[in-house]
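Tertiary structure, described
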Amino acid sequence: MASITLAAADIARVSSSASQILKAVAGSERDAALTAVYKHLEAAKDEILEANKRDMAAAEEQATAGKLSRSMIKRLDLNNPGKWEDMLQGILDVRDLEDPVGKITLATKLDDGLDLYRLTSPIGVLLVIFEARPEVIANITALALKSGNTAILKGGKESTQSFAAIARVVSSALATTSIPPGAIQLVETREDVNALLDQDQYIDLVIPRGSNELVRFIKDNTKIPVMGHADGLCAVYIHEDADEEKTVRVVLDAKTDYAAACNSMETLLVHESVSYTIFPKVASALLQAGVSLRCDPASKQALKSSSLSAAMKAIIQDATPQDYHTEFLELTLAIKMVPSVEEAITHINTHGSGHTDSILTESKEVAEKFMAVVDSAGVFWNASTRFADGFRYGFGTEVGISTNKIHARGPVGLEGLMIYKYQIKGNGQGAGDYGNGKKKYLHQKIEL
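So, here's what we can say about the structure.

What counts, and at which threshold
Residues numbered from 1 in each chain as written. Predicted model: local features only at pLDDT ≥ 70, side-chain atom pairs only at ≥ 80, totals over all residues. Heavy atoms only, no water. Disulfide = S-S within 2.5 Å. Buried < 20%, exposed > 50% of the residue type's maximum accessible area, 1.4 Å probe, protein only. Axes fitted to C-alpha atoms, helices over the stretch in contact; angles between N-to-C directions. Helix = DSSP H or I, 4+ residues; strand = E, 2+ residues; numbered from the N terminus. Parallel < 35°, antiparallel > 145°, perpendicular 65-115°, else oblique. Contact = heavy atoms within 4.5 Å. Nonpolar A, V, L, I, M, F, W, Y, C, P; charged D, E, K, R; others polar. Phe/Tyr/Trp six-rings, centres within 6.5 Å; stacked < 30°, edge-to-face > 60°. Lys NZ or Arg CZ within 6 Å of the ring centre and 35° of its normal. Pairing = 2+ DSSP bridges. Arc of directions from axis to C-beta. Polar contact = N/O pair within 3.5 Å; in protein donor to acceptor, adjacent residues only side chain to side chain. Left-handed = near helix turned anticlockwise from the far one by under 90°.

What follows covers the state of the cysteines. All chains considered together, the criterion is met by zero disulfides. Free of any disulfide, C234 has its nearest cysteine sulfur in C262, 6.8 Å distant. For C234, a relative accessible area of 0% puts it in the buried group. Residue classification places C262 among the buried positions, given a relative accessible area of 15%.

With that settled, consider the packing of helix α5 (residues 83-95) against helix α6 (residues 136-146). Relative to each other, α5 and α6 sit at 5°, their axes nearing to 9 Å. One element, α5, and the other, α6, form an angle in the roughly parallel class. Side by side, α5 and α6 meet where M87, I91, V94 and R95 of the first sit next to A138, N139, A142, L143 and K146 of the second. Tallied by class, residues from the contact of α5 with α6 come to six nonpolar, one polar and two charged.

Now for the packing of aromatic side chains. Within this structure, the stated rule accounts for four aromatic pairs. Where Y393 meets F395, the ring centres are 5.6 Å apart and the plane angle is 85°; that geometry is what we call edge-to-face. The class for Y393 is partly exposed, based on a relative accessible area of 34%. Judged by its relative accessible area of 29%, F395 is partly exposed. Relative to Y441, the ring of Y434 has its centre 4.5 Å away and its plane inclined at 10°; by these criteria the two rings are stacked. On the basis of relative accessible area, Y441 is assigned to the partly exposed category, the value being 41%. If you follow R118 out to its NZ or CZ, it ends over the ring of Y420, 4.5 Å from the centre. A cation sits over an aromatic face here: K425 above Y117, 5.2 Å from the ring centre.

To continue, consider the sheet that holds strand β17 (residues 444-445). In spatial order, the strands read β16-β2-β1-β17; together these four strands make up an open sheet with antiparallel pairing. Here the strands that pair on one side only, and so sit at the sheet edges, are β16 (418-425) and β17. Both strand β2 (residues 114-122) and β16 contribute to a ladder of eight bridges, which runs antiparallel. Bridge pairing in β16 places R118 opposite Y422.

Side chains of residues three or four places apart in an α-helix project in the same direction, reflecting 3.6 residues per turn. Along helix α14 (residues 341-351), the residues that are buried comprise V341, A344, I345, H347 and I348. End-on view of α14: buried residues confined to an arc of 160°, all on one side of the axis. Those residues of α14 hidden inside the fold are in contact with β7 (234-238), β8 (265-271), β11 (332-338), β12 (356-360) and α15 (364-373).

So, on to α15. Of the positions making up α15, those classed as buried are V366, A367 and F370. The arc enclosing the buried residues of α15, seen along the axis, measures out at 100°, which places them on a common side. Away from its buried face, by an angle of more than 90 degrees, α15 presents the exposed residues K364, E365 and A372. Structurally, α15 contributes buried residues whose contacts are with β7, α14, β12 and β13 (378-381).

What follows covers the side chain of E398. Positionally, E398 belongs in the loop between β13 and β14 (400-402). A polar contact is formed between the side chain of E398 and the backbone nitrogen of G390, at a distance of 2.4 Å.

Time to look at the sheet that holds strand β4 (residues 150-154). One open sheet accounts for four strands, arranged β5-β4-β3-β6; its pairing is parallel. In this open sheet, the two edge strands, each paired with only one partner strand, are β5 (184-187) and β6 (205-209). Direction aside, neighbouring strands of the sheet carry axes that sit 20° apart on average. Pairing geometry for strand β3 (residues 125-130) and β4, over five bridges, is parallel. Looking at β4, one finds that I129 is bridged to K154. Lying on the sheet, helix α1 (residues 8-22) is in contact with β3, β4 and β5; it crosses β4 at an angle near 145°.

Attention now goes to the packing of helix α2 (residues 27-43) against helix α7 (residues 160-174). Here α2 crosses α7 at 135°, and the two axes come no closer than 8 Å. Regarding the angle of α2 to α7, the classification is oblique. Here α2 and α7 pass one another in a crossing that is right-handed. In this structure, α2 contributes A33, A36, V37, H40 and L41 to the contact, and α7 contributes I166, V169, V170, S172, A173 and L174.

As structure tokens, this is what we get:
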């Protein structure tokens, strides 16, 4: 993998050609390539983390000048405890998953000597555009190679040093394997991206990872299918019978575990019957954790009438209508009182982004209704929205989270990078041999 100076059409054509070769590379060889990538990255840890520190220093200057958000800086930092180790472990986790290519998912005997098979197949060429998170290059490389897809990668300018360092190491690793040249390519400029978005002849799927502005730009400027989400407007709803201890724990985790993540809670909905019982204790825990609360009139009144300290009451803010449409990506939370689970569901389906939402209740019936009717990729019961993650789902890692309603939805791992191919194995038959008083199809299931 190296910086690309080819024209966009040539970049896409090279990737498409490599895709045809990669589809025939054995799973064991693709696994060996991931082992090589892991070992090379492990050996280059100091070099890559130093490059990341240079990116972080430049990002701090941008943030001080008001040109970069603090949430972006958090995403950029590879030196965060456990982040480097998680990146490397993700490669091994993907490597150790079952080979997703060529799995038979359906087999039908159409007639004697005429069998139909449905097999999993790689999508082809992926264009992955992302901001800040430099570890994405390792994640995407692992998922793409394991699934038999080629990838063209474009990182954000804020992660230039980290991205280039990781790219050099990955390139060196793949050069020692049977992976075809051009299977993983790097582009550097926005002009490259704009030109690649026109290459629908060669590129099969665009996966943007970053701000809602980035995702919307991509969707508005290409004919290529796009998989991703523009916003992570995740909500948690506290029902009238919620358990207090569970509620405090889950709400606090959903907001403060990593506020800059797309699966963090941005809206808290509270049943009005617990406005003077559980809710003030939840609010107290959030305020103590440094969360800024933006409340509707009912929730603000409940907190003003509670036993919260005067200092806490003084910093409670009024919510605006826009707050319920905002992905804060920081320690800010919009709060609203609702009279029923139906109203909570309506709010989520109206204002949410279809990412991940959670209900806190001890009622199985209420929980099942919530999970059935809320129209999101992830719907949880008594669990933090932060569980919406490919690694936590056991996918090894993820290429992104999709709120699409066709193909992949939710955290997209290997399965989301596969499509189907139908094969028929016959013995000289023609379709004209069947129907209209001729031979009849058997349509018998073949046991796999």
